[in-house]
Amino acid sequence: MPAEAPRYHRAVTTRPESTLAQRKRQLVATELTETALQLFALKGFAAVTVDEIATGAGVSKRTFFRYFASKEDVVVQFLAGMGADMRTALTGRPAAERPSEALRHAVSVPLAACGDHVERVLPVVRLILRTPSLLARFLEHQAEWREDLAEELGARLGLDPEADLRPRLAAGMALTAFDAVLRRWSAGEGAEVTEDPVALLGEAFAVLTPALDGPAPSGA
């Protein structure tokens, strides 16, 4: 039997559905996702077809395309939850908190989930980072997250990201730390990891904090 599929999107971003139709749709999406990830883990991403995923989930190919534009979308859908969780966490931080602290806590949310669900999340993280088409999608998501975090940080600091460089630069630095930690955490082979991603993030932010919390540039 294939190993259990990673469930980051279920473990971290599951929210109550309001109607029976929405619940049914979520169940189908979840079945397609878990079937696909099991097949990817067993055969490799390139070797798996959409037909195989649909058949394994007990639905038609047409149904598959109602939920996902491509098999890449099956893997990267959980990334959308990461970005939403970061922004929600940043919104919830105390208003007077230093930018470095607020951003560190926000970015730590998906990394904490990685550490808590290693056996489920590690295979899909490695798959994304080691498959060029998936990595490209991952980087696209990170660009979207940067804009979302910059907008939220700008609101917290009373700065317009379109007129002031600081919100977008700060968001970019935080996401660079996130990316570096994720790559370090998932490096190597096998199911064992020895490093705590949240602790690694703390190390990264120790380097970034002076820049994130430093005084505004002259003339700002």
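Overview of the structure. (Residues numbered from 1 in each chain as written. Predicted model: local features only at pLDDT ≥ 70, side-chain atom pairs only at ≥ 80, totals over all residues. Heavy atoms only, no water.)

### Here we look at the overall build of the protein
A tally of regular secondary structure across the protein gives 10 helices and zero strands. The order of α-helices and β-strands along the protein, N terminus first, is α-α-α-α-α-α-α-α-α-α. For the protein, the proportion of its 220 residues judged to be buried stands at 43%. (Helix = DSSP H or I, 4+ residues; strand = E, 2+ residues; numbered from the N terminus. Buried < 20%, exposed > 50% of the residue type's maximum accessible area, 1.4 Å probe, protein only.)

### Comments concerning the pattern of salt bridges
Counted under the stated rule, the structure contains 17 salt bridges. Here Arg-87 and Glu-152 are joined by a salt bridge, their closest N and O atoms 3.8 Å apart. Of the two residues, Arg-87 is situated in helix 5 (residues 71-91) and Glu-152 in helix 8 (residues 132-157); the sequence distance between them amounts to 65 residues. Relative accessible area serves as the criterion here: at 23%, Arg-87 is assigned to the partly exposed category. Residue Arg-146 pairs with Glu-147 through a salt bridge whose shortest N-O separation is 3.2 Å. In this structure Glu-147 comes out as partly exposed when scored by relative accessible area, which is 29%. Salt bridges sharing common partners tie together Arg-87, Asp-148, Glu-151 and Glu-152. (Salt bridge = Lys/Arg side-chain N within 4 Å of Asp/Glu carboxyl O.)

### A short note on the nonpolar core
Taken as a class, soluble globular proteins show a tendency for nonpolar side chains to be buried jointly. Among the nonpolar cores identified, the biggest contains 58 residues, and Phe-40, Val-75, Phe-138 and Phe-178 are the most heavily contacted of them. Counting only elements with at least two residues in this core, the list comes to helix 2 (20-43), helix 3 (50-57), helix 5, helix 6 (99-116), helix 7 (118-130), helix 8, helix 9 (166-186) and helix 10 (197-213). Aside from chain neighbours lying at most four places away, what touches Phe-178 is Met-82, Met-86, Val-107, Pro-110, Leu-111, Phe-138, Trp-145 and Leu-201. (Core = buried A, V, L, I, M, F, W, Y, C linked by side-chain atoms within 4.5 Å. Contact = heavy atoms within 4.5 Å.)

### Observations regarding the packing of aromatic side chains
A full pass over the atoms with the stated rule returns five aromatic pairs. Measuring from centroid to centroid gives 4.9 Å for Phe-40 and Phe-45, while their planes differ by 55°, and the two rings are tilted. The pair Phe-40 / Phe-45 is uniform in exposure class, with both members buried. On the numbers, 5.8 Å between centres and 75° between planes, the contact of Trp-145 with Phe-178 is edge-to-face. Taken together, the positions of Trp-145 in helix 8 and Phe-178 in helix 9 put the pair 33 residues apart, joining distant regions of the chain. For Trp-145, a relative accessible area of 3% puts it in the buried group. (Phe/Tyr/Trp six-rings, centres within 6.5 Å; stacked < 30°, edge-to-face > 60°.)

### Overview of the packing of helix 2 against helix 5
Viewed as axis vectors pointing N to C, helix 2 and helix 5 meet at an angle of 105°, and their least axial separation amounts to 10 Å. As summarised for this structure, helix 2 and helix 5 are arranged roughly perpendicular, according to the angle between their axes. Of helix 5, the residues touching helix 2 (which contributes Leu-32, Thr-33, Ala-36, Leu-37 and Phe-40) are Lys-71, Val-74, Val-75 and Gln-77. The residue inventory of the contact of helix 2 with helix 5, partitioned by class, reads six nonpolar, two polar and one charged. (Axes fitted to C-alpha atoms, helices over the stretch in contact; angles between N-to-C directions. Parallel < 35°, antiparallel > 145°, perpendicular 65-115°, else oblique. Nonpolar A, V, L, I, M, F, W, Y, C, P; charged D, E, K, R; others polar.)

### Here's the deal with the packing of helix 5 against helix 8
Direction vectors running N to C along helix 5 and helix 8 enclose 15°, while the axes themselves pass 10 Å from each other. For the element pair helix 5 / helix 8, the angle class is roughly parallel. The handedness of the crossing between helix 5 and helix 8 comes out as right-handed. Between helix 5, through Glu-72, Asp-73, Val-75, Val-76, Leu-79, Ala-80, Met-82, Gly-83, Met-86, Arg-87, Leu-90 and Thr-91, and helix 8, the contact on the second element is made entirely by Ser-133, Leu-134, Arg-137, Phe-138, His-141, Trp-145, Asp-148, Leu-149, Glu-151, Glu-152, Leu-153 and Arg-156. Taken together, the residues of the contact of helix 5 with helix 8 break down into 12 nonpolar, four polar and eight charged. (Left-handed = near helix turned anticlockwise from the far one by under 90°.)

### Considering helix 9
Its 21 residues give helix 9 an end-to-end C-alpha distance of 30 Å, which sits within 8% of 30 Å, the value for a rise of 1.5 Å per residue. Burial in helix 9 covers these residues: Pro-167, Ala-170, Ala-171, Ala-174, Leu-175, Ala-177, Phe-178, Asp-179, Val-181, Leu-182, Trp-185 and Ser-186. On its buried face, helix 9 sits against helix 5, helix 6, helix 7, helix 8 and helix 10. Gly-188 sits one or two positions beyond helix 9 and adopts a positive phi of about 90°. (Expected span 1.5 Å × (residues − 1).)

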